[in-house]
Structure formats: structure tokens, C-alpha cells
Amino acid sequence: MSNRLPIAGSLLLLFATGVEVPVAHAEGPAKSPPVLVEVATARTTKIAPRAWIPGSIVSRDDARIAGIVAGRALWIAEVGQRIDAGGVVAHLDDTVVKLRVAELQAQVARSQAQAELARTQLERFQSLADTKIYPASQLDEARAQLDMARHDVTRLTAQLHLAEYETRQSTIVAPFPGVVTERFAQPGEYLQVGAAVARLVNTENVEARATGALAFAGNIKAGQAATIRFAGEERRATVRAVVPVGDDRSRQFEIRLALGKLGKLPLPVGTAVEVSLPTGTERSAVVVPRDAIVIRQAHTYVMRVAQNGTVERREVESGSAVEDLVEIRTGVAEGDRLVVRGAERLEPGQAITIAQPRSAAGTSLIN
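Computed from a prediction, not measured in an experiment: that's the story for all the values here.

1. A closer look at the environment of Asn202
Relative to the helices and strands, Asn202 resides in the loop between strand 11 (196-201) and strand 12 (206-213). In this structure the C-alpha to C-alpha distance between Asn202 and Val58, which are 144 residues apart in sequence, comes to 9.5 Å. Those residues in contact with Asn202 that sit more than four places away from it in its chain are Ser59, Asp61, Phe176, Pro177 and Gly178. At 3.4 Å, the side chain of Asn202 and the backbone oxygen of Pro177 are in polar contact. Only 3.4 Å separates the side chain of Asn202 from the backbone nitrogen of Asn205, close enough to count as a polar contact.

2. Remarks on the nonpolar core
One finds Ile57, Ile228, Ile255, Leu257, Val275 and Leu277 to be the most contacted residues of the largest nonpolar core, which totals 21 residues. Apart from the residues lying within four places of it in its own chain, the contact partners of Leu277 are Pro49, Arg50, Ala51, Ile53, Ile220, Ala226, Val239 and Ile255. Of all hydrophobic cores here, the second largest spans 18 residues; its members include Val69, Ala77, Phe176 and Ala185.

3. Comments concerning the pairing of strand 7 (residues 88-92)
Summarising the sheet, strand 5 (residues 71-76) and strand 7 pair through three bridges and their orientation is antiparallel. Looking at strand 7, one finds that Trp75 is bridged to His91. Note that strand 7 and strand 8 (residues 171-173) share three bridges and pair antiparallel. Paired with Ala90 across the strands is Ile172, a residue of strand 8.

4. A short note on the pattern of salt bridges
Evaluation of the coordinates by the stated rule reveals 22 salt bridges. Linking Arg240 and Glu207 is a salt bridge whose minimum nitrogen-to-oxygen distance equals 2.7 Å. Of the two residues, Arg240 sits in strand 14 (residues 233-243) while Glu207 sits in strand 12, which places them 33 residues apart along the sequence. Take Arg240: its relative accessible area is 35%, and that puts it in the partly exposed class. Under the relative-accessibility criterion, Glu207 is labelled buried at 2%. Asp291 serves as the salt-bridge partner of Arg341, at 2.6 Å between the closest nitrogen and oxygen.

5. Concerning the side chain of Ser276
Following the sequence through the fold, Ser276 ends up in strand 16 (residues 272-278). Residue class for Ser276 comes out buried when judged on its relative accessible area of 7%. Other than its neighbours up to four places away in sequence, Ser276 contacts Arg50, Ala51, Trp52, Ala226 and Thr227.

6. Examining the sheet that holds strand 8
Taken together, the four strands give an open sheet; going across it, the order is 8-7-5-10, and neighbouring strands pair in antiparallel fashion. The open sheet terminates on both sides in strands that have one partner only, identified here as strand 8 and strand 10 (190-191).

7. Re the sheet that holds strand 4 (residues 62-66)
Read across the open sheet, the four strands follow the order 4-11-9-6; overall the sheet is antiparallel. Edge positions in the open sheet fall to strand 4 and strand 6 (82-83), since each of these has one partner strand only. Where strand 4 and strand 11 come together, five bridges link them in antiparallel fashion. Its bridge partner lying in strand 11, Asp62 is registered against Val201.

Rules of the game
- Residues numbered from 1 in each chain as written.
- Predicted model: local features only at pLDDT ≥ 70, side-chain atom pairs only at ≥ 80, totals over all residues.
- Heavy atoms only, no water.
- Helix = DSSP H or I, 4+ residues; strand = E, 2+ residues; numbered from the N terminus.
- Contact = heavy atoms within 4.5 Å.
- Polar contact = N/O pair within 3.5 Å; in protein donor to acceptor, adjacent residues only side chain to side chain.
- Core = buried A, V, L, I, M, F, W, Y, C linked by side-chain atoms within 4.5 Å.
- Buried < 20%, exposed > 50% of the residue type's maximum accessible area, 1.4 Å probe, protein only.
- Pairing = 2+ DSSP bridges.
- Salt bridge = Lys/Arg side-chain N within 4 Å of Asp/Glu carboxyl O.

Right, here's the structure in full:
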């Protein structure tokens, strides 16, 4: 049998006899490594309060194509057919106008022959004027006959050109490239002058149309930068025109926005969009990237980079939002460096490592 006492028993014996036993002290918690973050610098810029207003994509070339001559429709382009500029939209029966052209060609030839005869008679009278065989009145009458014959040639020639023009217009062509979206007549129907044949819409040359309250019409000007939002995406646009005239019922005015490269995207005409436009005058304000703000149920704060390489929490009051920037009314000063990536997992006093410092904004967002 072993003479060694169990360890627990030995310890009890030592305590009982009053022998001091050295006790190992536990070390403190290990210091956490610096957290890798991205930062941005708060800056002062020009901003204005903005609001999202509804709009839609419209075509700048949208027309009800009509003919300028009457006739029976022989062929009309199908709905959905794409037509180039100068392409045929419809063919009308041109039998009547062609017969009119043939008739006028004969009349022009006849009037030219009469004018030639009148010219010959006038020359004969002029050669015999000194002989006084013919009275002077006959010479005057010969001049008048020649003038009237020439006027008849001019008049009938103009009518012939008109008939030839109408013959060409029996083929209705597209004034711009587009897609046939609707037919207003069917082959076989007789169309009067000016009757619409089909609706042609240019799906390439598009822009955004929005309507806003007349109250802030004075804040929007042509050439001003704007933001358009559709399908969860935001893109830059430019105000092309402002129509500051509203009707008595809606009190709304119209804004047209040039889409630039956005116009090359496959956005069907009629697509619903939202447009961000200023609703007040611009002012100077301290702005920070939207990602710098941490929103919790009880408060809103940012994590500011301190001089010693740690972070501190700053409670803030936010204001207007302009694209990816947010106005900060209290809690942040110009030049403060704020964490924009990784702020959610930081605690005050925690050490950080800055990955890619960046500025809060480029140039002023308000023209």
C-alpha cells in the first residue's frame, strides 16, 4: 500500500499545520488586436433638402403617323414591327393620284405648245410693226396672249408637282426610327386626309418625365444634377427642361430629365421611376457618408477616430440626405475622421487599423 496521501488530503494537512502554500495568481484577459476598418473625413459642402417624386420613362419621339392624302389602305405595318427612319409604315392605293399626274402632264404639254404659238405670233407682229399692216392693239394683244400662256404653264406645272408629291405620299414613311405600338386602321379601310394610321414610338431616344408640386418649382433649373431611382438602383441624371406651369387641379409642374448613359439601358417606355429633386434652397452643411452612421433603437451615433488610434462614440443628429451623404447637425465637425466600414462591431476605446482612408465627398452635389 502506498505511503503517499492523495493530493487533496495533503493540502488539507498542510493548511491544518499552518504551512503557507503559494497560490498562483490568474493573468488578466488578453488584449484584443486592432480591428481593420475604413474611414472617411467629414466635410462641409453645399446641399439642399430633397424629395423623391414619382415619374416615368417616356419617349421623345412618340407620334401618331398619318397620311396627307386620302386613299384605301393596301398595307399597314404590324404592331411590334421595328421600322428605321424613312421605312414604310403603310401603303395607300395611289391609282387616282397617278391618273391625276398623267392628266396634268398632258395639260402642261398643251399649255407649253400654246405658249410657243403665242411667242411666234408676237415675234411676227413685232417684225411687221414698222409696216403698220397690223394695228398696235393687235401687238398688245399678242403680248398678253403670250403672258397668259406662260402663266398657264407655271400654274399647271405646279399642279403637276403637287400630284407627283401626293403620289409619293401614298407611301407613308416613318419620320424617325421606332416600334409600331398600335394600328388605327386595317388594310382595306379608306383613310381621309390626316387620318392616323399607326402609332410609332422611338424606344431608344428616351427620357424621364416627373411631376412635382409647384411650391418648389423655383428650386429646379435646367442643367441641374438629379438622381433617378428604378428597380432598386440609383443613377445620375440631368434636368433637361422645366415647365413651371401647373393646372388648377393638381398644382403640379413637369420636369424632363436627360438620362445620358442611362438611356442606353433596356428601360421600356412607361417604366415607373422616382426622381430626387431639391425642395428648398441650398445651404452649407457638414456631411458624412451614409455608411458612417450607426442606427440603433435608442440612439444614432458614429465612431470617431481619436488621436491615439482608438475610436470614440459620438451621438449625432442627422438631417437631409443627398445621395450617399447625410447631413450631420450635431456631434461631428468638419475634418473628423469617421469609421465607415466595421463601426457596428467596435466599442469605445478599441484600437483600430485604417485600411483605406477616403474623403466623404467629391465636389458639390448641388449645381
